[in-house]
Amino acid sequence: MKKITPLAKVVKEFILPIGYWENEFCCLWKNGDCLNRFFVNFINDFKGEIGPTILDIGSGDGRHLLPLVKMGFTVTGLELTDAGIETTKKKLAQSNLSAELVKGDFHNIPFPDRSFDTIISVQAFHYNDWAGAVKTFAEAVRVLKPGGLFFFRARS
C-alpha cells in the first residue's frame, strides 16, 4: 500500500518557504509580464471605484503592480522575497515609475489599520494552511478602508 504524506506536513513544508520563492524569481519566472485575466476584468469593471491607494499583497515581480502605477495609482507592494522586490525595482526604474516596496509577509501586514482604498492579491493567498488563511484575510480586512475594494485570485 502506498504511504500518503499527511496534508498538514505537506502544507507546512510548502507555505512561505523563502528559499523556494527566491529561486522562482531568479531562475524560473524571469519576466512574468502576463497579466491575470481576472485581474484585467476587475480593473475594467471597477476602474471608477479603485484606489487611489492600493496594496498589492504578494506583489512578486510587479506584474500587476506596474500597470496600476502606470494608471496613476499610488501602489505599495508587499513581497516576501528580495528577488521579487529587486525585479520590481528594476522594472519600475526602466519605466521611470515609482512605488513603495516593502518586504514582509501577509500574515503580519506592516501597515496601520485602514491604510488602503483597494487591496489586490493575485495567486498568493493560497500558500496558506487554514489558520494562515484566516490570519491573512483578517490582516487584509484590517488594512482596507471601509467600503474599499478587495480583489484576490487564488487556487482552490
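Thresholds applied
- Residues numbered from 1 in each chain as written.
- Predicted model: local features only at pLDDT ≥ 70, side-chain atom pairs only at ≥ 80, totals over all residues.
- Heavy atoms only, no water.
- Helix = DSSP H or I, 4+ residues; strand = E, 2+ residues; numbered from the N terminus.
- Buried < 20%, exposed > 50% of the residue type's maximum accessible area, 1.4 Å probe, protein only.
- Contact = heavy atoms within 4.5 Å.
- Areas by Shrake-Rupley, 256 points an atom, 1.4 Å probe, with all protein chains shown as cover.
- Arc of directions from axis to C-beta.

Visitor: So what exactly am I meant to see when it comes to the overall build of the chain here?
Guide: Regarding its fold elements, the chain presents six helices and five strands. Its helices and strands in sequence order give the chain the pattern α-α-α-β-α-β-α-β-β-α-β, from N to C terminus. Here the chain, with 156 residues, has 44% of them falling under the buried criterion. The contacts of the chain with a sequence gap of at least 6 include a subset with a gap of at least 24, amounting to 74%. Approximately 9,000 Å² of the chain is accessible, and the part contributed by carbon and sulfur atoms is 57%.

Visitor: Looking at this structure, how should I read helix α3 (residues 37–46)?
Guide: Each α-helix winds once per 3.6 residues, and so residues spaced three or four apart point in a common direction. Looking at α3, one finds that the buried residues are F39, F42 and I43. Relative to the axis of α3, the buried residues are bounded by an arc of 95° and lie together on one face. More than 90 degrees from the buried face of α3, the exposed residues found are R37 and D45. Looking at the buried side of α3, the elements it contacts are α4 (65–70), β4 (116–122) and β5 (144–153).

Purely spatial values, then, with no claim about function.
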